Amino acid sequence: MHIIYPPLTIGLALLLFFTEWRWMKTDDEQWYRLTRFFEKLFIINFGAGVATGVTMEMAFGILYGPFSQAAGPFFGQILGYETITAFMYEAGFIGLMIFGWGKISKKMHLFATFNVMLSSSLSAMWILDANSWMQTPTGVEFKDGLFHVTNWAEAILNPDFLVAFPHMWIAAVELALFFVAGVSAWYVLKGRHVALFQRALKYSILAAVIVAPLQIYLGDDLGLTVKDHQPAALAAMEGHFETYNADGQPNTGWHIIAWPNDAAGKNDWAITIPYALSLIETHTLNGVVKGLDQFKPAERPPVLIPFYSFRIMVAIGFALFFVALWGAWLAVRGRLTVENITRNRWFLRALIFSAFLPYLAIWTGWWTREIARQPWLVYGMMTTAEGVSHMSVGEAIFWLIGFMFFELGVWFGAWYFFAKVIRKGPDMDSPIVEGNEPLGHLEAPSHDENADPAYVRPA
């Protein structure tokens, strides 16, 4: 549940920096109104991310005590770096960004927004590094029940991190772009503030034309990393049970859809494209891709969830790319101008629907990433069974239900306030706050020694 908040924080901080920079450069009021409106949504999302993030760190110690203790020499350090270089850093500047309007200069406020953007990305970097190390643990040795770091450079720059972090960061930007485009499309479809949100929609969708295919490319690159370092996980993601066919030739077929049967070690049925799996993973027609038959039964991950969650994620990635292309085609034809944009009702509906798709893609991407790694908690070094806390089933259920209620409460609260702010709309009437405005003055000293000095508040 936590993963649905930080990506929007990361991506939206970048977009807020862009809109505020455009306002400072052009002095165009519309950029200011867009910045102040989407900043409200950013604050709601940021609060939900902090609440669920702190809870998740509690869950590490409660539900995964042995893992937390064993991985402390590396995992604890990385989370410490995240706290210092990102969380505390972000906390300082987010106060200036939210409450600094009219109290600091425009340049200083833009600087604060930039640092919120940078610190949120640094936070993602450290968190992804910790998770990537669990996927491809390097630079450590497991001795006396602890992971001792033998090479910090290898541990931090582990193979999965070098690809997974760019993939996740671009996913955050893509989520923010479609979130802004979807909210803007809702206003345009309703005929509210069309000129204002036409601008946000057009810029977002044109940026998505670049970001969406880049995300697909990075996803393919990450898939190749999984093939090299987690072949059992890749086999589960592809429903690839048999390495070779009955005639001894490599099994190169890629299953579009199938029904995996873990117990039988095969798919009960499948719709398959010959040679496609080999082309995707080895870039040759007859390359060998390891199947699950190459691994001990106890070291095979469950197949059904990774198989379908991976396909949902990939399908959404291509769907968002086609929506972005649709928008670019409309822009080239002049149909996204203020005068014409309201006529594209099906495109606007598609954008509203598309605003939810990146959330589902990130969710299913993490299901794929975590479930396909099983039975390993730290791949090849510590199993999940070894890392979970020693508690009764009843205690585990108690904590699981407790976390579920909290997370769902935050989720409903976040969406309630999202909806409330969106229904109300942007503030178009308040005067623009330029920065460095006078904050009042002290009256002349009173001749009465017993009188208190008075502070005159500005109107």
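To keep things clear, this report deals only with the structure shown in the data block. Small disclaimer: the values here were computed from a predicted structure and weren't measured.

### A short note on the packing of aromatic side chains
Aromatic ring pairs are defined here through the distance separating the ring centres and the angle between the ring planes. The tally for this structure, following the rule as stated, stands at 38 aromatic pairs. Arranged with centres 4.9 Å apart and planes meeting at 50 degrees, the rings of Trp23 and Tyr32 form a pair that is tilted. Take Trp23: its relative accessible area is 2%, and that puts it in the buried class. The rings of Phe37, Phe38, Trp186, Tyr187 and Phe197 are connected pair by pair, giving a single aromatic cluster.

### Overview of the side chain of Asn340
Residue position: Asn340 is located in the loop between α11 (304–332) and α12 (345–354). Those residues within four positions of Asn340 in sequence are excluded, and the remaining contacts are Gly334 and Arg335.

### Here's the deal with the environment of Asp293
Take Asp293: it is sitting in the loop between α10 (276–282) and α11. Asp293 sits in the partly exposed class, given a relative accessible area of 37%. Each C-alpha atom, one on Asp293 and one on Phe241, is 5.8 Å from the other, the two residues being 52 residues apart in sequence. Non-local contacts of Asp293, meaning those with residues more than four positions away in its chain, are made with Phe241, Glu242, Thr243 and Arg300. Within the local environment of Asp293, its side chain forms a polar contact with the side chain of Thr243, the two groups lying 2.7 Å apart.

### Things to note about the packing of helix α9 (residues 231–238) against α11
Running from N to C, α9 and α11 cross one another at 75 degrees; their axes reach a closest spacing of 6 Å. By the angle between their axes, α9 is roughly perpendicular relative to α11. On α11, the residues that touch Ala236, Met237 and Glu238 of α9 are Pro306, Phe307, Phe310 and Arg311. Here the contact of α9 with α11 is composed, by residue class, of 5 nonpolar, no polar and 2 charged.

### Quick look at helix α7 (residues 159–190)
The first and last C-alpha atoms of α7 sit 48 Å apart over 32 residues, in line with the 46 Å expected at 1.5 Å per residue. Most of α7 is tucked away: 25 of the 32 residues are buried. Within two residues after α7, Gly191 carries a phi angle of roughly 75 degrees, on the positive side.

### Here's the deal with the nonpolar core
Within the largest apolar cluster, 81 residues are counted, with the highest numbers of intra-cluster contacts made by Phe37, Phe38, Phe42 and Leu351. Per-element tally for this core: the top contributor is α7, with 20 residues. When sequence neighbours within four positions are dropped, the list of residues in contact with Phe42 reads Thr9, Leu12, Ala13, Leu16, Ile94, Met97 and Val116. Ile78, Ala130, Trp133 and Leu377 belong to the second-largest nonpolar core, a separate cluster that totals 17 residues.

Rules behind the numbers
Residues numbered from 1 in each chain as written. Predicted model: local features only at pLDDT ≥ 70, side-chain atom pairs only at ≥ 80, totals over all residues. Heavy atoms only, no water. Phe/Tyr/Trp six-rings, centres within 6.5 Å; stacked < 30°, edge-to-face > 60°. Buried < 20%, exposed > 50% of the residue type's maximum accessible area, 1.4 Å probe, protein only. Helix = DSSP H or I, 4+ residues; strand = E, 2+ residues; numbered from the N terminus. Contact = heavy atoms within 4.5 Å. Polar contact = N/O pair within 3.5 Å; in protein donor to acceptor, adjacent residues only side chain to side chain. Axes fitted to C-alpha atoms, helices over the stretch in contact; angles between N-to-C directions. Parallel < 35°, antiparallel > 145°, perpendicular 65-115°, else oblique. Nonpolar A, V, L, I, M, F, W, Y, C, P; charged D, E, K, R; others polar. Expected span 1.5 Å × (residues − 1). Core = buried A, V, L, I, M, F, W, Y, C linked by side-chain atoms within 4.5 Å.

Such coordinate-based values are descriptive only and should not be taken to indicate function.
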